[in-house]
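Each chain is listed here by its residues.
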Amino acid sequence: MAEYQMEVEWSRDGAAFSDNRYSRRHRWLFDGGAEVIVSSSPHVVPVPMSDPAGVDPEEAFVASLSSCHMLWFLWAARERGFVADSYGDNPIGVLGKDESGNIAMTRVTLRPEVRWSGAKVPTQVELVSMHEDAHARCFIANSVKTDVRCEPVVPVWRGEPRRG
């Protein structure tokens, strides 16, 4: 199998530490050169110790589930002979208490919407099947105990999307 490595960098930069008012802003550095500014969520640690412009780990968790699902979905669509033109998602993660009383990401709901072209457009049954296949294959979803849901936007034949 493969290994994945990246760097996390944080520095106190001379600020007090013992009073708990240090910055939670830090960086993620990836092997391809991408750098992401990261911070604790302002929902968890107030500004100015959190940087609202940074990606927080909870957002990154939701994004990684969505992205992994999308990549497997596109594979499933291609395998079945469909042509996807665009894919959008507005996933929502819910932070709450799990069955043990610990704070955890208890649910992630994906809401993908796909635009198609070509002579072969999937039926609602085929669309749901591709999302089920993508969910079953997603490495990230298979790695967590969070309830990961997928609620794709299913097009209505009159051209307007609706929530499936």
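Read on for an overview of the structure. Computed from a predicted structure; not experimentally measured.

## Quick look at the overall build of the protein
Then, in step 1: A count of helices and strands for the protein gives two helices and ten strands.
Then, in step 2: Reading the secondary structure of the protein in the N-to-C direction produces β-β-β-α-β-β-β-β-α-β-β-β.
Then, in step 3: Expected size for 164 residues packed as a compact globule is a radius of gyration near 15 Å; at 19 Å, the protein overshoots this value by more than 25%.
Then, in step 4: Each principal axis of the C-alpha atoms in the protein carries an extent, and together these give about 65 × 35 × 35 Å.

## Brief notes about the side chain of Ser 66
Then, in step 1: With respect to the helices and strands, the residue Ser 66 is situated in helix α1 (residues 57–79).
Then, in step 2: A relative accessible area of 10% means that Ser 66 is categorised as buried.
Then, in step 3: Not counting chain neighbours up to four residues away, the residues in contact with Ser 66 comprise Asp 89, Pro 91 and Leu 110.

## Remarks on the side chain of His 26
Then, in step 1: Within the secondary structure layout, His 26 lies in strand β2 (residues 26–30).
Then, in step 2: Exposure remark for His 26: the relative accessible area of 16% places this residue in the buried category.
Then, in step 3: A polar atom in the side chain of His 26 sits 2.8 Å from the backbone oxygen of Arg 24.
Then, in step 4: Residues in contact with His 26, not counting those within four places in the same chain, are Val 8, Glu 9, Trp 10, Val 36, Ile 37, Val 38 and Ser 39.

## Concerning the pairing of strand β5 (residues 92–97)
Then, in step 1: Bridge count for β5 against strand β6 (residues 103–110) is six bridges, and the pairing is antiparallel. Note on β6: the bridge partner recorded for Lys 97 is Ile 103.
Then, in step 2: Hairpin connection from β5 to β6: five residues lie between these consecutive antiparallel strands, with Gly 101 at a positive phi of about 90°.

## Some words on the sheet that holds strand β8 (residues 147–150)
Remark on secondary structure: sheet strands pair via backbone hydrogen bonds, oriented parallel or antiparallel.
Then, in step 1: Pairing within the open sheet is mixed, and its three strands lie in the order β5-β6-β8. The open sheet has two free edges, formed respectively by β5 and β8, since each of these has just one partner strand. The sheet shows a mean angle of 20° between the axes of neighbouring strands, taken without regard to direction.
Then, in step 2: Across the face of the sheet, α1 comes into contact with β5, β6 and β8 while running at roughly 35° to β6.

Reading guide: rules and limits
- Residues numbered from 1 in each chain as written.
- Predicted model: local features only at pLDDT ≥ 70, side-chain atom pairs only at ≥ 80, totals over all residues.
- Heavy atoms only, no water.
- Helix = DSSP H or I, 4+ residues; strand = E, 2+ residues; numbered from the N terminus.
- Rg over C-alpha atoms; globule rule 2.2 N^0.38 Å.
- Buried < 20%, exposed > 50% of the residue type's maximum accessible area, 1.4 Å probe, protein only.
- Contact = heavy atoms within 4.5 Å.
- Polar contact = N/O pair within 3.5 Å; in protein donor to acceptor, adjacent residues only side chain to side chain.
- Pairing = 2+ DSSP bridges.
- Axes fitted to C-alpha atoms, helices over the stretch in contact; angles between N-to-C directions.

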